[in-house]
Amino acid sequence: MNTELLVSDAAHFRIDYEINPYMHTEVQPDPAAAAAELDEIVAAHRLAGRRVEYVPSAPHCPDMVFTANAAVVRGNRAVLGYPPPERKAEIPYFHDWLTGRGFDVLDAPFPFSGQGDALACGDLLLAGYGQRTDRGMHAVLAKELRYEVVPLRTVSPRWYDLDLAVGVIDTRTLAYCPQALDLPSCGRLQRLGLDLIEVGIDEAAQFALNLISDGTTVTMTRHAPRLAAVLRGRGLRVLELDTTELAKGGGGVRCTALTLDNPSPREPS
């Protein structure tokens, strides 16, 4: 889990439009600082022993640094994202990269925020909706990727993708912000029988849950010290990273990497 990741670069990262509450065209990221943040994130992945693949960004795709929205992958299959119109130009680049590496690539028939709203947890898929993803995608993902889908509705555009409200630590452990989900969704999480770590809305709003964990090492923002301390207390290695410039586009550590190694479904014995 999360040991093979696809990243892009921040060479063309800028705020050309406003499609989430964190984006403001009058507040532009510092190009050098944003590139340095991404370099440090990639270095942390490699330090953790993760393999990092690369797709170059395109000049007319300022959000291409956030590769998590490109698709969701399981085994050798990928379902592409269906992003807002401002980001549609990204998808052909990811389609070509994935098909070029032998993935069976499927188009999404409904609006879909890719891995941003599709977090794998073993054979479960925590599937967000209510903001950027049409709930009709859940049946598509269940059929095409053979996951047991757990629908989770976020309560406002502040949590425009599920990966701002929920973080998968391992197949038995989730971190989440209860205030970011509606009550039925919180109930669904609680009935899964997993170990749940509650994160306060103050740290969640600082992209605390936009993290990547392989079950041993967690890479996350440095702006969530309480969650970092809880994870360390559970014996995890935690690498805290600056995401100040990336956050101006509404993204953090999880947003900058598409997981390529979600295992295929187990065949019945």
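The structure under discussion appears in the preceding block.
Residues numbered from 1 in each chain as written. Predicted model: local features only at pLDDT ≥ 70, side-chain atom pairs only at ≥ 80, totals over all residues. Heavy atoms only, no water.

## Quick notes on the packing of aromatic side chains
The condition that has to hold: In summary, the pairing rule links any two rings of Phe, Tyr or Trp, Trp by its six-membered ring, whose centres are within 6.5 Å, and it sorts them by plane angle into stacked for under 30 degrees, edge-to-face for over 60 and tilted for everything else. Secondary structure follows DSSP: runs of H or I at least 4 residues long count as helices, runs of E at least 2 residues long count as strands, and numbering of each begins at the N terminus. Burial classes follow relative accessibility: with a 1.4 Å probe on protein chains only, a residue under 20% of its type's maximum area counts as buried, one over 50% as exposed, and anything between as partly exposed. Put simply, a charge is over a ring when the Lys NZ or the Arg CZ is close to the ring centre, within 6 Å, and near the line of the ring normal, within 35 degrees.
Summed over the entire model, instances satisfying the criterion amount to 3 aromatic pairs. Judged by centre distance (5.0 Å) and plane angle (50°), the rings of Tyr22 and Phe207 are tilted. In this pair, Tyr22 is assigned in the loop between β1 (4-7) and α1 (31-47) and Phe207 in the loop between α5 (201-204) and β12 (212-213), connecting sequence segments 185 residues apart. For the pair formed by Tyr22 and Phe207, the shared burial category is buried. Here the aromatic cluster, defined as three or more aromatic residues joined through ring pairs, consists of Tyr22, Tyr160 and Phe207. The aromatic ring of Tyr147 is capped on one face by Arg74, whose charged end is 3.9 Å from the ring centroid. The ring of Tyr129 carries Arg135 above its face, with NZ or CZ at 4.7 Å from the centroid.

## Some points on the sheet that holds β12
Going by this rule: At least two DSSP bridges between two strands are needed for those strands to be called paired. It only takes one pair of heavy atoms within 4.5 Å for two residues to be counted as in contact. A fitted line through C-alpha atoms serves as each axis, taken over the contacting stretch for helices, and the angle formed by two N-to-C directions is quoted from 0 to 180°.
Ordered by their spatial adjacency, 3 strands build an open sheet running β12-β13-β14, and the pairing between neighbours is mixed. Every other strand in the sheet has two partners, leaving β12 and β14 (237-241) as the edge strands with one partner each. Packing against the sheet, α1 makes contact with β12, β13 (217-221) and β14, and its axis sits at approximately 170° to β14. The strands touched by helix α6 (residues 225-233) are β13 and β14; relative to β14, the strand with the most contacts, the crossing angle is about 160°.

## Regarding the sheet that holds strand β7 (residues 124-129)
Strands sit in the order β6-β7-β8 across an open sheet of 3 strands; the sheet is mixed. If you trace the sheet from one side to the other, it starts and ends with β6 (118-121) and β8 (148-153), each paired once. With direction set aside, neighbouring strand axes in the sheet form an average angle of 25°. The sheet contacts of helix α3 (residues 136-145) involve β7 and β8, and relative to β7 the element is tilted by about 160°. Running at roughly 145° to β8, helix α4 (residues 183-190) makes contact with β7 and β8 of the sheet.

## As for the side chain of Asp63
Counted only if it meets this: Positive charges are assigned to Lys and Arg, negative charges to Asp and Glu, while His and the chain termini are left out of the count. Within this document, salt bridges are pairs made up of a side-chain nitrogen of Lys or Arg and a carboxyl oxygen of Asp or Glu, the two lying within 4 Å of each other. Residues adjacent in sequence count toward polar contacts only when both atoms are side-chain atoms; beyond that, a polar contact is any pair of N or O atoms within 3.5 Å, and within protein one must be able to donate a hydrogen and the other to accept it.
Counting through the fold element by element, Asp63 comes out in the loop between β2 (51-54) and β3 (71-74). Notably, Asp63 is buried but unbridged: the nearest opposite-charge side chain belongs to Arg87, and the N-O separation is 4.0 Å. Side-chain polar atoms of Asp63 contact the side chain of Tyr17, separated by 3.0 Å. Every residue in contact with Asp63, bar those within four places of it in the chain, is listed here: Phe13, Tyr17, Ile19, Met23, Arg87 and Glu90.

## Focus on the environment of Glu26
Positionally, Glu26 belongs in the loop between β1 and α1. Separated by 10 residues in sequence, Glu26 and Asp16 place their C-alpha atoms 9.4 Å apart.

## Topic: the pattern of salt bridges
By the definition in use, this model includes 15 salt bridges. Arg87 is paired through a salt bridge with Glu90; the nearest N and O atoms lie 2.7 Å apart. Where salt bridges share partners, they join Glu4, Arg51 and Glu53 into one cluster.

## What about the environment of Ala120?
Relative to the assigned elements, Ala120 resides in strand β6. The spacing of Ala120 and Val73 is 47 residues in sequence and 9.3 Å in space, taken between C-alpha atoms. Dropping the residues within four chain positions of it, Ala120 is found in contact with Leu125, Tyr147, Val168 and Asn262.

Remember, this is a structural readout, not a statement about activity or role.
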